[in-house]
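Geometric and topological summary
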Amino acid sequence: MISKENIPAVLYSLALASMAWSRAAHCALSILAVICFLATSENRFKQFSIPFFNYFIFLLGFIGIAFALSSDSSAAAYDLKGVWPLLHLAFAPIIFSESNPSLFLKTFLGIAGLAAIYSILQYFGIILHQSENGAYVTYSEAWAFVDCLTYAVPVCFYLAIKKQGKQKLLLFTLCAIFMASLWINQERANFFSAVCCLGIVLLLNNIISLKAKSLCIAAVMAFGIIGTQFSDSEIGNVSQVFEKPSEVLHPIRIMQYDIAYKAFMLSPYIGHGLGSYHTFQENDTEYSDDLKGLTPQGIKTRIHSMPLQILVSTGLLGLVIVFGFFLKLLLPLFRQLRTNNMVAVIGISACAIHFLTSLTDSTSITSVRLAAFTITIGFVYGNILSPNNSQQRS
């Protein structure tokens, strides 16, 4: 029987895992989790201090100012809609602080694992392949599906190293299933982020010996190379990044990066406001015609690079503020490696995933992708700062 204190955490776990099955479900489930928490919180807001809270409020204020100063309110509102999962950082740590971590782990890995198996069965033609864009996914959007599985990889791999006997075998098998599903879906940033996380878990865990770490990291590197060479075009052509960069990056990115750079140089310090990029793409005399039909039009137009998106919208000032908040989340996790190794490694891996996938896409203003990151970080900080943790730090 699940206690009432654990219900919001279970709902949050379902919200994260549901991304592998439905793009929209995480929104309803996370809102329900917050409602349940508020109904049973008993003043836990006053009893709990989130270490990054002041910077978090500052970031929200900066986003609000950038929204107010935008010359295109509809486009700014569309970008603002994509960042609402930042609010998970205000609730998820508190909700997870008094929950049983195993509930999150079992719920997340179980549901995501079923989605990965479903994906592989489609690939081998055992069940009907129904995706219109060629991806081997469930009923969810491809980005939501692969992001969910990518965040599951370091969680599953760490537990596989930690557990013994049949549980170890089961978790290693499940991790292999996650990697196989990411590979067959050919989302390069997610696949290589997952490979990177395997290395992070091996390097930072406090379970296996240094010699074993070295051998396993070498094996992971070999796996990454093999996964690149014996692959379809999307992942396979990464090996040609230095020989044919335009083919690896895709012409859309080359054109968008050039437009973004020109827009950034017009206002390098404070940018042009939220939602401003689409006007530069539409009015660019060199690339606008070529990009029509290749990217979403109007206010839905976004750059395939989060740093460039930030530079165009808020300039160097915005990039410094956003990156500063990212470091505010990341750096304390390294200090927790000795005392709270598992959740610290999961948190560092989550930061690596979000950072790496942001380099080639606008993940921080895509709600489902940002939610995968903020819910995972909420779980990490909730466990680090839990009153049940004898190593809690102020």
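Residues numbered from 1 in each chain as written. Predicted model: local features only at pLDDT ≥ 70, side-chain atom pairs only at ≥ 80, totals over all residues. Heavy atoms only, no water.

Here's the deal with the pattern of salt bridges
Applying the stated criterion across every chain, the model contains 7 salt bridges. Overlapping salt bridges bring together D147, D361 and R369 as one network. (Salt bridge = Lys/Arg side-chain N within 4 Å of Asp/Glu carboxyl O.)

Some thoughts on helix α10 (residues 188-204)
For α10, which comprises 17 residues, the first-to-last C-alpha distance of 24 Å matches the rise-based estimate of 24 Å (1.5 Å per residue) to within 8%. Among the 17 residues of α10, 12 are classified as buried, and the element is accordingly described as predominantly covered. For α10, every residue scored as buried is listed here: R188, N190, F191, S193, A194, V195, C197, L198, G199, I200, V201 and L202. (Helix = DSSP H or I, 4+ residues; strand = E, 2+ residues; numbered from the N terminus. Expected span 1.5 Å × (residues − 1). Buried < 20%, exposed > 50% of the residue type's maximum accessible area, 1.4 Å probe, protein only.)

Focus: the side chain of Q309
Of note, Q309 is situated in helix α17 (residues 306-334). The exposure class of Q309 is buried, given its relative accessible area of 3%. Among the polar contacts made by the side chain of Q309, one reaches the main-chain amide nitrogen of I303 at a distance of 2.8 Å. When near neighbours in sequence (up to four residues on either side) are disregarded, Q309 contacts D79, Y277, R302, I303 and I365. (Polar contact = N/O pair within 3.5 Å; in protein donor to acceptor, adjacent residues only side chain to side chain. Contact = heavy atoms within 4.5 Å.)

Points about the layout of surface pockets
If a probe the size of a water molecule is rolled over the atoms, the empty space left behind becomes visible. One number sums up the size of the second largest pocket: a volume of about 620 Å³. Only α4 (53-68), α5 (73-82), α17, α18 (341-358) and α19 (367-384) provide two or more residues apiece to the lining of the second largest pocket. The leading source of residues in the lining of the second largest pocket is α17, at 12 residues. Classifying every residue of the lining of the second largest pocket by side-chain character gives 23 nonpolar, 6 polar and 1 charged. (1 Å grid on protein atoms, 1.4 Å probe; cavity = no way out; pocket = protein on both sides within 12 Å on 5 of 7 lines; lining within 4 Å. Points joined across faces, edges and corners; volume = space filled by probe spheres on them. Nonpolar A, V, L, I, M, F, W, Y, C, P; charged D, E, K, R; others polar.)

With respect to the packing of α17 against α18
Where α17 contacts α18, the two axes come as close as 10 Å, and the packing angle between them is 165 degrees. Judged on the interaxial angle alone, α18 and α17 are roughly antiparallel. Both α17 and α18 take part in a crossing whose hand is left-handed. Each of M306, P307, F323, F326, L330, L333 and F334 in α17 lies in contact with α18, whose residues at this interface are A344, G347, I348, C351, F355 and S358. Its residues assigned to classes, the contact of α17 with α18 comprises 11 nonpolar, 2 polar and no charged. (Axes fitted to C-alpha atoms, helices over the stretch in contact; angles between N-to-C directions. Parallel < 35°, antiparallel > 145°, perpendicular 65-115°, else oblique. Left-handed = near helix turned anticlockwise from the far one by under 90°.)

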